[in-house]
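In case you want the letters, here they are:
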Amino acid sequence: MLADAVRIARWAAVERDRDHDHDATSATERAAAALDLTPAQVRAGWDRARLAGLVELHGDTARPGWRLRAWDRDDSAVLRGWVALFDAWSLVHPAPGDVAPAAVAEVVEAFPQVLSLLQLSAGPVPVPALLDLLQQRVAELREERCEVPDGPQPQPLPGPDSLARLLDWALEGLAAVGALTLGDNQATLTPLGNWAVWVKLEQICVAAQSPAGHIEQSAEDMLRGCARLTPGPARVEYRAWLAARPVGSAVTELLAVARGEDALLRGLAFEALRVVGAPAEAEVRAAAAEVSLRPYALLWLAEYEGADPDEAPDVLTREEATWLWVDTAAAVADHGESALLVRHLESAVQGTVPALLDEVRAVGHPRTVQVLVALAAAHPDPALAKAMRRAAFQVHTGGA
């Protein structure tokens, strides 16, 4: 279903890097000649490449999407690309132009019920049975929306002929993306279509299994709620929260929280991004250019690329590791106990407190003074506590 789309996206990626003047020849014609396709096939393939996330449009510029970069090494990227195409079936196959847009929208909203019937049937389903279910579901949706008896009354349901045309359009659209096959006045889900419906149902179930009830909250509120959970239950919450929203906007929202002042939420945001996986790669890679996010992003990328979690810290420079140590200490100071803050000293790569203090003062973390003051207040050794207070004073006053 996406072979031509991948070829066109790769051609476009190579063409984007070339500095040629092609005023006389359109990109469609050049692609058709290079790939031995018709212009119509190029346009259709380009449309599918955009819908499947193989290319991303930034203004007037098209760039390779993360799925294209991962296509040959990550089967899940291929499946997610096809699911994106499946979700966009109503765009792949335009609706009849003489049908009211509101009626089209109602059919699109009602169609998951039709797909569920096709999956439960595990075989061919007669089109008349699908039409009966579609008409019933459209009527239910209208009844659910009409909550105020004295308010505006809904338009009459589309007539049987119109609804039958829209059913045919929907079935043809889903057949066009490979989700079902049509024949002898019946429809049958393909293995891909059956899998896609199962995935959608699973997402609904995951979203419903949010014991702490965070799925409708913002990323910041969700992460604050998860701060008190152990890693296992927290991951359940992350999965439920992610299942309830588009992955792109979820990644953007999590990174926005990570850029905030709360170091604890910064760490938890990257834990949630570990649950996202491959779709977050491009944005996490870009975040590695930001000082406050760089250590977290580098660790995320190392683990994503297969590094053992225990060995992932090796990708950090000494300065990055020190910055992360201070950031983690700030999270403990804000949200943890004094004893935990003292134990955090043992995780420093410097090995000795004097060496740690020298490098902490040089790293330039905005919370350095607060962390050193909190450590001095918590540490049972008076000599070390005094050294920490002196270091805090020197950082505060800009001394060496």
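Residues numbered from 1 in each chain as written. Predicted model: local features only at pLDDT ≥ 70, side-chain atom pairs only at ≥ 80, totals over all residues. Heavy atoms only, no water.

Novice: So, the overall build of the protein: which residues are in play, and what are the values?
Specialist: Along the backbone of the protein there are 21 helices and 5 strands. Within the protein, the fraction of its 400 residues that count as buried is 42%. When contacts within the protein are restricted to residue pairs at least 6 apart in sequence, those whose partners lie at least 24 apart make up 62%. Total accessible area on the protein is roughly 20,900 Å²; 54% of this is exposed by carbon and sulfur atoms. (Helix = DSSP H or I, 4+ residues; strand = E, 2+ residues; numbered from the N terminus. Buried < 20%, exposed > 50% of the residue type's maximum accessible area, 1.4 Å probe, protein only. Contact = heavy atoms within 4.5 Å. Areas by Shrake-Rupley, 256 points an atom, 1.4 Å probe, with all protein chains shown as cover.)

Novice: Describe the sheet that holds strand β5 (residues 186-189), naming the residues involved and giving the relevant values.
Specialist: The strand order across the open sheet formed by 3 strands is β3-β5-β4, and the pairing between neighbours is antiparallel. In this open sheet, the two edge strands, each paired with only one partner strand, are β3 (125-126) and β4 (180-183). As paired strands, β3 and β5 are joined by 2 bridges and run antiparallel to one another. Paired with V125 across the two strands is A187, which belongs to β5. The sheet contacts of helix α7 (residues 101-121) involve β3, β4 and β5, and relative to β5 the element is tilted by about 75°. (Pairing = 2+ DSSP bridges. Axes fitted to C-alpha atoms, helices over the stretch in contact; angles between N-to-C directions.)

Novice: Just give me the short version of the packing of aromatic side chains, but keep the residues and values in it.
Specialist: For the structure on display, the rule yields 5 aromatic pairs. Summarising the aromatic geometry, the rings of W89 and F111 are spaced 5.8 Å apart at their centres and angled 50° between planes, so their arrangement reads as tilted. On the criterion of sequence distance, the pair formed by W89 in helix α6 (residues 89-92) and F111 in helix α7 is long-range, its members being 22 residues apart. With a centroid separation of 5.6 Å and an interplanar angle of 20°, the aromatic rings of F270 and Y296 are classed as stacked. Highlighted residues: F270 in helix α14 (residues 263-276) and Y296 in helix α16 (residues 294-304), separated in sequence by 26 residues. In this pair, the class of F270 matches that of Y296, namely buried. Ring-pair connections join several aromatic residues into one group, and the members of that group are W89, F111 and W169. (Phe/Tyr/Trp six-rings, centres within 6.5 Å; stacked < 30°, edge-to-face > 60°.)

Novice: Pulling in residues and values, what's your account of the environment of R142?
Specialist: Relative to the helices and strands, R142 is located in helix α8 (residues 127-145). As a C-alpha pair, R142 and E106 span 36 residues in sequence and 8.6 Å in three-dimensional space.

Novice: With reference to specific residues and values, describe the pairing of β4.
Specialist: Inspection of the sheet shows β4 paired to β5 by 4 bridges, in the antiparallel sense. Its bridge partner being in β5, T181 is matched across the sheet by T188. What sits between the antiparallel neighbours β4 and β5 is a turn of 2 residues, in which D184 has the positive phi angle 55°.

Novice: How would you summarise helix α2 (residues 27-35) if you had to cite specific residues and measurements?
Specialist: Turning to α2, its buried residues are R30, A31, A32 and L35. Against α1 (3-16) and α3 (39-51) lie the buried residues of α2.

Novice: Describe the pattern of salt bridges, listing the residues and the values that go with them.
Specialist: Should the charged atoms of two oppositely charged side chains come close, the side chains can pair. The tally for this structure, following the rule as stated, stands at 20 salt bridges. What you see here is one network of salt bridges that share partners, running through R73, E281, R285 and E305. (Salt bridge = Lys/Arg side-chain N within 4 Å of Asp/Glu carboxyl O.)

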